[in-house]
Amino acid sequence: MKSLFTIGLIGLSSFSVFAQTKAKPKQAPVKKPAAAAPAAASTLHFSNLQDSVSYALGINIAQSLKKDIGSDLNTTILVNAMKEAFNNKPQAMDDETLMRVIRTYSEKAKEKEAAGTVKEGQQFLEQNKTKPGVKTTASGLQYLVLKEGTGEKPTAADTAICNYKGSLINGTEFDNSYDRGEPLTIPVGAVIKGWTEGLQLMNKGAKYKFFIPYELAYGLRGAPPTIPGGSALIFEVELLDIKKGK
């Protein structure tokens with residue numbers, strides 16, 4: 001699907017202290033907590049550009065790892081592994097094992113981070129499937145027919161032209177083709193699983209509302225920063241036209 005809107009918010013707060021014309025009653029003095037000792041400055045010294053860029057890359061790599069993977073890594077092993085790689089030492093794991101271990105760790109970290117969002121989505125879908133008119137497919141996709149169409153249905157090999165708006169289950173809207181004034185043209189087989197399945201249920205001219213579990217949407221990764229990992233999604237989709245695939 002097209003890239004989603006990205007909105008950054010920066011909050012600033014300030015306060016003012018005004019003199020009081022009326023004298024305040026005396027209060028017992030409150031002992032102030034001791035100020036935290038300032039963090040010690042780095043003792044590293046850079047004698048050339050290579051030193052400086054080495055430090056900059058080290059900081060950058062560490063910050064990226066903390067953000068994407070977590071801070072509970074064994075930094076001693078991490079640094080030693082980097083030294084071995086730079087010095088072309090034999091690896092303790094082959095490349096296939098390396099990727100499998102990283103993928104497994106990353107998936108577990110994402111599961112832990114998204115657990116609350118996943119639970120909220122599951123509870124929402126469990127309640128939603130009991131509402132009048134809502135149907136549930138074998139995959140777990142839920143849909144509500146807002147308007148039936150009269151034309152043919154697309155296949156996974158076709159291209160769909162549609163208007164849509166998408167939101168989180170709390171009502172936060174993250175994308176809207178109506179507001180852009182331009183419908184989306186997309187191969188049916190190239191979108192998230194919930195769309196691929198849902199579009200093939202629709203006749204040309206139909207308008208459906210889809211309630212998509214995270215497994216059929218953007219998974220545990222999500223689509224940061226607009227869609228958190230593990231999010232169930234709601235889409236209203238209007239199928240305007242179909243371009244047949246070869």
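Scoring rules and cut-offs
Residues numbered from 1 in each chain as written. Predicted model: local features only at pLDDT ≥ 70, side-chain atom pairs only at ≥ 80, totals over all residues. Heavy atoms only, no water. pLDDT = per-residue confidence, 0-100. Contact = heavy atoms within 4.5 Å. Pairing = 2+ DSSP bridges. Helix = DSSP H or I, 4+ residues; strand = E, 2+ residues; numbered from the N terminus. Phe/Tyr/Trp six-rings, centres within 6.5 Å; stacked < 30°, edge-to-face > 60°.

(A) Fine view of the confidence of the model for the protein chain. For the protein chain, the average pLDDT comes to 84, and 82% of its residues sit at 70 or higher. Scored below 50 in pLDDT, residues 1-32 makes 24 contacts in the model with residues more than four places away or belonging to other chains.

(B) Expanded view of the pairing of strand β2 (residues 142-147). Relative to β2, strand β1 (residues 135-136) runs antiparallel, the two sharing 2 bridges. Each residue of the ladder has a partner; that of threonine 136, found in β2, is glutamine 142. Linking β1 back to β2 in an antiparallel pair, the connection comprises 5 residues, with glycine 140 at a positive phi of about 105°. As paired elements, β2 and strand β6 (residues 207-212) share 5 bridges and run antiparallel to each other. Bridge assignment links valine 145 to a residue of β6, and that residue is tyrosine 208.

(C) Examining the packing of aromatic side chains more closely. By the definition in use, this model includes 8 aromatic pairs. A centroid spacing of 5.1 Å and a plane angle of 45° characterise the contact between phenylalanine 46 and tyrosine 55, whose relative ring orientation is tilted. Each ring, one from tyrosine 143 and one from tyrosine 208, has its centre 5.6 Å from the other, and the planes form 5°; the classification is stacked. Of this pair, tyrosine 143 sits in strand β2 while tyrosine 208 sits in strand β6; the two residues are 65 residues apart in sequence, bridging distant segments of the chain.

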